[in-house]
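Observations on the three-dimensional arrangement
The primary structure of each chain is shown beneath.
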Amino acid sequence: VTNPAIDPLREGLVMSLEVNIGKRGNILEVGPENADQVTLSSPVLNEGELESLLKDPKLKPKVLSTYFNIRKGLDGSLENAIKALCEEADAAVRSGSQLLVLSDRSEALEPTRPAVPILLAVGAIHQHLIQNGLRMSASIVADTAQCFSTHQFACLIGYGASAICPYLALETCRQWRLSNKTVNLMRNGKMPTVTIEQAQRNFIKAVKSGLLKILSKMGISLLSSYCGAQIFEIYGLGQEVVDLAFCGSVSKIGGLTLNELGRETLSFWVRAFSEDTAKRLENFGFIQSRPGGEFHANNPEMSKLLHKAIREKSDNAYTIYQQHLASRPVNVLRDLVELKSERTPIPIGKVEPATSIVERFCTGGMSLGAISRETHEAIAIAMNRIGGKSNSGEGGE
């Protein structure tokens, strides 16, 4: 069943994105010092809110710059930078700092000083402080350009960050609002008029709604229970990366080493310094399918071929569609799996005919809200034809 464990829309009363920043005392010893923290209504900060945290004298904030230098070679540079960051964080907490701000903000960007992937930096410092018995003495805040989607926020919080200031996402909201295209659309009444402040608030509101949705899938009602909970499984990171920053998380298939991760980080970083990029940013097609971008299983070409096969009702058109699917690049884990069998194949005559196999088919109980009337009817007709069982679901049919 797809119902979430908690419904963030109808049961929002028991959910909260509130986070506390600062030193946490012993919960078994009740005292005023335990409540001596800064309470934030949400983990998404704007620049002004981050600024006020940095001015708090009690928190003694320490800003750690998250860059690694590749002048002496790429191999080992990312690992050395992370270890240095951990030592710096360790020293800051021991000298009384209750707030560590990991920041990839910089006045001057250099091709030979890429930013450390922020999740790696947050995870590594979080784990280092736990292993040295210092984690309850300070909170981690990420001030980063590398966070703009709800999943990225959830990962950072799940691996130890108490709050995030997505400064580049907020800057993008401002640029979007000031762009001629947006101004004209608003002037012509094609889009509701919003101020720069409202545009940024709308982005933050969307992120907060997304975080509540992610929490609800796990049945967690408070963000403070999700912070540092590491409720993730890792795809594609090697054991040394997991041991450094994501201890305890499962990474079944292994994957990238720290040096390979450094190379991948650098490959994106250096593209920002070319003349072409200065005029127009490259779209890698991570979110929507783009020509020359990352491959998507649901792409326009696949869609056209499928529609053609359905409209023409011809075997030939359907064969072309199947060939397109078969020749696609590897894009999910099962594409890498092959059947391994020692047994000799049996003659096809001994195999049960398809007509009697399909009689055991059953359709899932899908509600009318999940799929359309047309789909329900098509499924029911198909099951009647082949002699299978049709589940009417929650009154769907």
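Small disclaimer: the values here were computed from a predicted structure and weren't measured.

1. Re the packing of aromatic side chains
The full count for this structure, using the stated rule, is nine aromatic pairs. Between Tyr226 and Phe232, the aromatic rings sit 6.4 Å apart at their centres with planes inclined by 75 degrees, giving edge-to-face as the arrangement. Classification of Tyr226 as buried rests on a relative accessible area of 4%. Centroid distance Phe268 to Phe286: 6.1 Å. Interplanar angle 70 degrees. Geometry classified as edge-to-face. Of this pair, Phe268 sits in helix H10 (residues 258-271) while Phe286 sits in the loop between helix H11 (275-279) and helix H12 (300-312), and the two are 18 residues apart along the sequence.

2. Considerations on the environment of Glu294
Within the element layout of this structure, Glu294 appears in the loop between H11 and H12. For Glu294, a relative accessible area of 41% puts it in the partly exposed group. For Glu294 and Asn283, which are eleven residues apart along the polypeptide, the C-alpha to C-alpha distance reads 9.5 Å. The contact partners of Glu294, leaving out residues within four places of it in the chain, are Phe284, Gly285 and Phe286.

3. Things to note about the domain arrangement of the chain
Each assigned domain of the chain is listed here: domain 1 (12-272), domain 2 (296-330) and domain 3 (353-396). Just the C-alpha atoms count here: the centres of domain 2 and domain 3 sit 24 Å apart.

4. Focus: the side chain of Thr144
In this fold, Thr144 is placed in the loop between strand S5 (139-143) and helix H4 (150-158). Classification of Thr144 as buried rests on a relative accessible area of 0%. A polar atom in the side chain of Thr144 sits 2.8 Å from the backbone nitrogen of Gln146. Ignoring anything within four residues of it in the chain, the contact list for Thr144 reads Asp104, Ile118, Ile164, Cys165, Pro166, Tyr167 and Leu168.

5. Re unusual backbone geometry
At Lys60, a position not held by glycine, the phi torsion is positive, near 45 degrees. At Lys313, a residue that is not glycine, the phi angle is positive and equals roughly 50 degrees. Mapping Lys313 onto the fold places it in the loop between H12 and helix H13 (315-326).

6. So, the environment of Leu59
On the secondary structure map, Leu59 appears in the loop between helix H1 (47-54) and strand S3 (62-65). Contact partners of Leu59, with chain neighbours within four places excluded, come to Ile21, Gly22, Val38, Leu53, Gly96, Ser97, Gln98 and Leu99.

7. Some words on the pairing of strand S4 (residues 99-103)
With respect to burial, S4 is a largely interior element, five of its five residues being buried. Taking every second residue as pointing to the same face, both faces of S4 are buried, with Leu99, Val101 and Ser103 on one and Leu100 and Leu102 on the other. When S3 meets S4, the two strands line up parallel, connected through four bridges. From the neighbouring strand, Leu64 faces S4, where its bridge partner is Leu102. For the segment spanning S3, helix H2 (residues 77-94) and S4, crossover handedness is right-handed. For S4 and S5, the ladder comprises five bridges, and the chain directions are parallel. The residue of S5 that forms the bridge with Ser103 is Asp143. Traced from S4 through helix H3 (residues 118-131) to S5, the parallel crossover comes out right-handed.

8. Examining the packing of H4 against helix H7 (residues 196-217)
As a packed pair, H4 and H7 sit with axes 9 Å apart at the nearest point and diverge in direction by 60 degrees. Classified by the angle their axes make, H4 and H7 are oblique. Handedness of the crossing formed by H4 with H7: right-handed. Residue-level contacts link Thr150, His151, Phe153, Ala154 and Ile157 of H4 to Phe203, Ala206, Val207, Gly210, Leu211 and Ile214 of H7. Among the residues making up the contact of H4 with H7, the classes are represented as eight nonpolar, three polar and no charged.

9. What to know about the nonpolar core
One recurring pattern in soluble globular proteins is that nonpolar side chains are buried together. Leu120, Ile125 and Phe246 are the most contacted members of the largest nonpolar core, which totals 75 residues. Sequence-distant contacts of Ile125, that is, excluding residues within four places in its chain, are made with Leu64, Leu85, Cys86, Ala89, Leu100, Leu102 and Ile140.

10. Overview of H2
The terminal C-alpha atoms of H2 lie 26 Å apart, and with 18 residues this matches the ideal 26 Å at 1.5 Å per residue to within 8%. Those residues of H2 not exposed but buried are Ser77, Leu78, Ala81, Ile82, Leu85, Cys86, Ala89, Asp90, Ala92 and Val93. On its buried face, H2 sits against S3, S4, H3, helix H9 (239-245) and H10. Among the residues trailing H2, Gly96 stands out with phi positive, at a value near 105 degrees.

Calculation criteria
Residues numbered from 1 in each chain as written. Predicted model: local features only at pLDDT ≥ 70, side-chain atom pairs only at ≥ 80, totals over all residues. Heavy atoms only, no water. Phe/Tyr/Trp six-rings, centres within 6.5 Å; stacked < 30°, edge-to-face > 60°. Buried < 20%, exposed > 50% of the residue type's maximum accessible area, 1.4 Å probe, protein only. Helix = DSSP H or I, 4+ residues; strand = E, 2+ residues; numbered from the N terminus. Contact = heavy atoms within 4.5 Å. Domains from an automatic or database assignment. Polar contact = N/O pair within 3.5 Å; in protein donor to acceptor, adjacent residues only side chain to side chain. Pairing = 2+ DSSP bridges. Right-handed = clockwise from strand over helix to strand, strands pointing away. Axes fitted to C-alpha atoms, helices over the stretch in contact; angles between N-to-C directions. Parallel < 35°, antiparallel > 145°, perpendicular 65-115°, else oblique. Left-handed = near helix turned anticlockwise from the far one by under 90°. Nonpolar A, V, L, I, M, F, W, Y, C, P; charged D, E, K, R; others polar. Core = buried A, V, L, I, M, F, W, Y, C linked by side-chain atoms within 4.5 Å. Expected span 1.5 Å × (residues − 1).

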